[in-house]
Protein chains: 4
Amino acid sequence: MLEELKKEVYEANMLLPKYGLVTFTWGNVSGIDRESGLVVIKPSGVDYDKMTADDMVVVDLEGNRVEGNLNPSSDTATHLELYKAFPDMGGIVHTHSPWATSWAQAGRGIPCYGTTHADYMYGEIPCVRNLTKEEIDEAYEKNTGVLIVEHFKDTEYMAMPAVLCKNHGPFTWGTDPHNAVHNAVVLEEVAKMAARCEMINPDVKPAPQELQDKHYYRKHGKDAYYGQG
Amino acid sequence: MLEELKKEVYEANMLLPKYGLVTFTWGNVSGIDRESGLVVIKPSGVDYDKMTADDMVVVDLEGNRVEGNLNPSSDTATHLELYKAFPDMGGIVHTHSPWATSWAQAGRGIPCYGTTHADYMYGEIPCVRNLTKEEIDEAYEKNTGVLIVEHFKDTEYMAMPAVLCKNHGPFTWGTDPHNAVHNAVVLEEVAKMAARCEMINPDVKPAPQELQDKHYYRKHGKDAYYGQG
Amino acid sequence: MLEELKKEVYEANMLLPKYGLVTFTWGNVSGIDRESGLVVIKPSGVDYDKMTADDMVVVDLEGNRVEGNLNPSSDTATHLELYKAFPDMGGIVHTHSPWATSWAQAGRGIPCYGTTHADYMYGEIPCVRNLTKEEIDEAYEKNTGVLIVEHFKDTEYMAMPAVLCKNHGPFTWGTDPHNAVHNAVVLEEVAKMAARCEMINPDVKPAPQELQDKHYYRKHGKDAYYGQG
Amino acid sequence: MLEELKKEVYEANMLLPKYGLVTFTWGNVSGIDRESGLVVIKPSGVDYDKMTADDMVVVDLEGNRVEGNLNPSSDTATHLELYKAFPDMGGIVHTHSPWATSWAQAGRGIPCYGTTHADYMYGEIPCVRNLTKEEIDEAYEKNTGVLIVEHFKDTEYMAMPAVLCKNHGPFTWGTDPHNAVHNAVVLEEVAKMAARCEMINPDVKPAPQELQDKHYYRKHGKDAYYGQG
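Conventions used here
- Residues numbered from 1 in each chain as written.
- Chains lettered and ligands numbered in written order.
- Predicted model: local features only at pLDDT ≥ 70, side-chain atom pairs only at ≥ 80, totals over all residues.
- Heavy atoms only, no water.
- UniProt positions renumbered as here; feature names shortened; annotations may be inferred.
- Helix = DSSP H or I, 4+ residues; strand = E, 2+ residues; numbered from the N terminus.
- Rg over C-alpha atoms; globule rule 2.2 N^0.38 Å.
- Buried < 20%, exposed > 50% of the residue type's maximum accessible area, 1.4 Å probe, protein only.
- Contact = heavy atoms within 4.5 Å.
- Lys, Arg positive; Asp, Glu negative; His and termini not counted.
- Charge placed at Lys NZ, Arg CZ, Asp CG, Glu CD.
- Pairing = 2+ DSSP bridges.
- Buried area = accessible area lost by both parts, 1.4 Å probe.
- Salt bridge = Lys/Arg side-chain N within 4 Å of Asp/Glu carboxyl O.
- Axes fitted to C-alpha atoms, helices over the stretch in contact; angles between N-to-C directions.
- Least-squares fit on C-alpha atoms with pLDDT ≥ 70 in both.
- Polar contact = N/O pair within 3.5 Å; in protein donor to acceptor, adjacent residues only side chain to side chain.
- Parallel < 35°, antiparallel > 145°, perpendicular 65-115°, else oblique.
- Left-handed = near helix turned anticlockwise from the far one by under 90°.
- Nonpolar A, V, L, I, M, F, W, Y, C, P; charged D, E, K, R; others polar.

Per an unreviewed UniProt entry, chain A carries the name L-ribulose-5-phosphate 4-epimerase and comes from Coprococcus comes. Looking at chain A in UniProt, the text filed under Sequence similarities (unreviewed entry) is "Belongs to the aldolase class II family. AraD/FucA subfamily." Looking at the Pathway (unreviewed entry) heading of the UniProt record, one finds this comment for chain A: "Carbohydrate degradation; L-arabinose degradation via L-ribulose; D-xylulose 5-phosphate from L-arabinose (bacterial route): step 3/3."

This is the structure in structure tokens:
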């Protein structure tokens, strides 16, 4: 079942250690088959170097396991909320990548200081608030998703494919699992350079809007012409 | 004698360079066999790339060498104090890993700024005081252990498996030697992100208590359900 | 056509990931054959691990593609402006290398704090202003080149083979493509050390002029005697 | 001639890229044969990956080339001044290693903040002043050595085997070439942790003297008992 997607999700998960985004098992990638409404996700607590494509778990959008011997990632409920709310998302990534997590712990969104950021993400990368004690107690992982949905509903969520959860870490998404990992790498690089940029110039301001627009729209939308060259 | 534990301690020692926690020979891992009360520890001053499982040294809890041709690590006396005071410790690690050591040199405990920290360590990672000149002169390595015991006695020491010794560096522990190394890796990652987080937001506050509780207890204790996913 | 130069440009491009200067496809190297006035440049949007020497694109100084199946790098127009204005340039590099880009985002030139900098670059590495909205709308990539030309005309541009574009990133150049990459590596190293140096001493001043002169001129010009030893 | 020492010096030079202390050819190691008074040093401007033991150059203490087809490192005159003044030095290293160079550029000595430092170097690592214009013009490389000699004469120079030259970079020494490289690695690690330590606690004070004494003397001198464990 969904062999192609399971392979894709497996490979995308294996990119996380390759790009230095995870320590131990601190991360997970999922992908969705929109036709069947089924989600493929990394199993919970399996080492990257022992994981195979067959270990990927298939769940439906209510979180019921449809295939697989292992438990799905404990963060599955967060992924599902996003897939249910945002039809253009084809893949989702959660990591504790160190620079993005440092911003999340600092409780700050990442201003757009340059074209590396603007090439992929339009505007400031938001940092959403802590869940309340009630939200945590009721359903922590699900409500993390609900909070992200709350922030991005009625927005161009594919133009800002990343969010920081305060005191926790980042989620990114994309058109498919690989693209979501690509955005996780971009986020980490952008987070690193933004922190260093503020160290070099504590009074730094975001890049001019016209420069942000130029870089974002030369790569995205109907007038795009830029091939990442 | 204790072949299994010697292999385990050897492998745990070899993880230190793999995870970038040591330069040269600046680190040591030990493990204890609670039944016999014997401790296996890295020999003193042997290069990691020349070390074998047979080089591991067996000592009793009084520090007498029971097996092995080499001298045990000079920090052995510190390890023994901890094993004697804390029956749940199965493995202990000492390193000069750079971020944790930078906090130790700064003389500060590491506040819990996020869930990466809370997933493994409950509360602020403490930094214990300098030994006095008298304590140093009397028995430096042993008294380092005595000081740590003083701090952790009557606490849930397995819920805070790490300590910083002021102007020196970290010790971590775990249920066995591998688990103690795992905690040493977590500590280094947490120390790195906490420092960067304060750089990004000098007024940052620790994560809300309910978030710390949620993350710690979903992985530890009788209601745990999280598989590191 | 230009097989030797294509090989050279290809190899120079492959040095960018080797030296850690690029993530994904964020960089490009070109070289010029001054006799024919033809420029060889990396194709747009091709992964480094799939690229071959045959993928290199040949364009004339007006930007017309003379050979190659792929589109030239989208930054080609910037390269061409520089080649047209500065006859001694034999190779040009653009990257988003993290430390240099952090300075560019911070909008600051890099002061000459030491001999590593002075060995290769004479004086402060300049950061040129943002393009205006009009300049962006008219011809973004070309006008980036025009702005750099404006800054360096009537200067010893081979003695300062690097520039930062505000909120964007660096360009470097050299006598040939490899030399331009060499300067990109120097720039990144110098940018890193300058940022850390200001962290260590916020009141730091540039190196004395006589020291800068000594280091630059013992390696460059008619009295040079230093072999990079 | 001096085949053993040439091999030793060659191998010590090759450790510089292995430990991440050099970019390109920015570093050199030498060793001395005290009996003959001859010094073996890296040739000038040769890439590490093309260098062989046979490329090492033999010079006498006046700087005359005694053997070898290549020119000796341009920094040879600095090495020779040190060998002439300090009979216990058996090997000398110069690098532009990034953290140590950042302190040199900042013009600050490195305070002893912890035991990693105290294990190998006794007290603050000094930063010597800039040469005057007259000293530079007269004999730059030689006078760099003269300045270092001036600082260390009448001191226990083997107990502080490192110096920073303001706006330039570090020199380290040891009993032989390998030991000098070992000290260069220690210096870089200590420089990194000291900078981060000040970032974490801007009011940090050096480690207590009794702790510095304990760590230095348990590894050095007649009462040493510590095997780097």
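Next comes the rest of the description.
We now examine the overall build of chain A. From N to C terminus, chain A includes 7 helices and 8 strands. Over its C-alpha atoms chain A spans a radius of gyration of 17 Å, differing by no more than 12% from the 17 Å that the globule rule assigns to 229 residues. Projected onto its principal axes, the C-alpha positions of chain A cover 50 × 45 × 35 Å. Looking at chain A residue by residue over its 229 residues, the buried ones come to 63%. For chain A, contacts bridging at least 24 residues in sequence account for 64% of all contacts bridging at least 6. Chain A carries 21 positive and 34 negative side-chain charges, and their two centres are separated by 5 Å.

This next bit is on the pairing of strand 8 (residues 169-174) of chain D. All names here are of chain D. Most of strand 8 is tucked away, with 6 of its 6 residues classed as buried. Relative to strand 8, strand 5 (residues 91-95) runs antiparallel, the two being bridged by 4 bridges. Residue Gly91 lies in a different strand from strand 8, and its bridge partner there is Gly174. Looking at chain direction, strand 7 (residues 162-165) and strand 8 are connected through 4 bridges and run antiparallel. Note that in strand 8 the partner of Val163 across the bridge is Phe171. The hairpin formed by strand 7 and strand 8 contains 3 residues between the paired strands, and Asn167 there has a positive phi angle of roughly 60 degrees.

Turning our eyes to something else, we now look at the interface of chain B and chain D. Counting from both sides, the interface comprises 32 residues of chain B and, opposite them, 33 residues of chain D. A buried area of about 2800 Å², summed over both sides, lies between chain B and chain D, and 58% of it is on carbon and sulfur atoms. Our count for the chain B to chain D interface comes out at 1 salt bridge. Examining the composition of the side of chain B that touches chain D, we find that 7 residues originate from one element, helix 3 (residues 98-106) of chain B, more than from any other.

Glancing now at the sheet that holds strand 2 (residues 38-41) of chain C. All names here are of chain C. With mixed pairing, 8 strands are arranged side by side in an open sheet as 4-3-2-1-5-8-7-6. Edge positions in the open sheet fall to strand 4 (65-67) and strand 6 (127-128), since each of these has one partner strand only. Bridge count between strand 3 (residues 57-60) and strand 4: 2 bridges; the pairing is antiparallel. Paired with Val59 across the strands is Arg65, a residue of strand 4. Against the sheet, helix 2 (residues 76-85) engages strand 1 (27-33), strand 2, strand 3, strand 5 (91-95) and strand 8 (169-174), with an angle of about 40 degrees to strand 1.

The next thing to look at is the relation of the copies chain A and chain C. Screw-axis analysis of chain A against chain C gives a translation of 0.0 Å along the axis, an RMSD of 0.0 Å, and a rotation angle of 90 degrees. Taken together, the rotation and translation describe the operation of a four-fold axis. Among all C-alpha atoms of chain A, that of Met199 of chain A lies closest to the rotation axis, at 5.5 Å. Counting the interface residues of chain A, we find that no more than 3% of their copies in chain C are interface residues as well, pointing to two distinct contact surfaces.

Listed by partner, the interface residues are 33 residues for chain A and 32 residues for chain C. Between chain A and chain C, roughly 2800 Å² of surface is buried when both sides are summed, and carbon and sulfur atoms account for 58% of that area. Where chain A packs against chain C, one counts 1 salt bridge. Notably, a salt bridge pairs Glu141 of chain C with Arg218 of chain A, separated by 2.5 Å at the nearest N-O pair. Applying the counting criterion to the chain A and chain C interface returns 10 residue pairs in polar contact (both at pLDDT 80 or more). Where the side of chain A that touches chain C is concerned, the elements lending two or more residues are helix 4 (115-118), helix 6 (177-200) and helix 7 (209-219) of chain A.

The relation between the two chain copies is a rotation about an axis coupled with a shift along that axis. Between chain B and chain D, which share one sequence, the superposing operator has a rotation angle of 90 degrees and an axial displacement of 0.0 Å; the RMSD is 0.0 Å. Here only 3% of the contact residues of chain B are again contact residues in chain D; the copies associate through non-equivalent surfaces.

Our focus in this paragraph is the UniProt feature "domain: Class II aldolase/adducin N-terminal" (unreviewed entry) in chain A. Sites flagged by UniProt as "domain: Class II aldolase/adducin N-terminal" (unreviewed entry) map to residues 7-195 of chain A. Along residues 7-195 of chain A, the helical share is 39% and the strand share 19%, with 35 Å between the first and last C-alpha atoms.

Residues and elements named next belong to chain A. Spatially, 4-3-2-1-5-8-7-6 is the arrangement adopted by the 8 strands of the open sheet, whose pairing is mixed. The two strands at the open ends of the sheet, each matched to only one other strand, are strand 4 (65-67) and strand 6 (127-128). Examined bridge by bridge, strand 1 (residues 27-33) and strand 5 (residues 91-95) share 5 bridges and lie antiparallel to one another. Bridge pairing in strand 5 places Gly31 opposite Gly91.

By secondary structure assignment, the location of Thr23 of chain A is in the loop between helix 1 (3-18) and strand 1. When residues no more than four places from it in sequence are discounted, the contact partners of Thr23 of chain A are Val185 and Glu189 of chain B.

Once that is clear, we can look at the side chain of Thr78 of chain B. All names here are of chain B. By secondary structure assignment, the location of Thr78 is in helix 2 (residues 76-85). Of the residues examined, Thr78 reaches a relative accessible area of 1% and is grouped as buried. Within the local environment of Thr78, its side chain forms a polar contact with the backbone oxygen of Glu141, the two atoms lying 2.7 Å apart. Setting aside residues no more than four positions away along its own chain, Thr78 makes contact with Glu141, Thr144, Gly145, Ile148 and Phe171.

Turning our eyes to something else, we now look at unusual backbone geometry. Positive phi, normally seen in glycine, also occurs at Asn167 of chain A, with a value near 60 degrees. On the secondary structure map, Asn167 of chain A appears in the loop between strand 7 (162-165) and strand 8 (169-174).

Before going further, it helps to examine the packing of helix 1 (residues 3-18) of chain D against helix 6 (residues 177-200) of chain D. Residues and elements named next belong to chain D. Where helix 1 meets helix 6, the axes come as close as 8 Å, and the angle between the chain directions of the two elements is 15 degrees. Of the possible angle classes, the one that applies to helix 1 and helix 6 is roughly parallel. In this structure, helix 1 meets helix 6 at a crossing whose hand is right-handed. Residues Leu5, Glu8, Val9, Glu11, Ala12, Leu15 and Leu16 of helix 1 touch helix 6, and the partners they reach there are Pro177, His178 and Val181. The residue makeup of the contact of helix 1 with helix 6, split by class, is 7 nonpolar, 1 polar and 2 charged.

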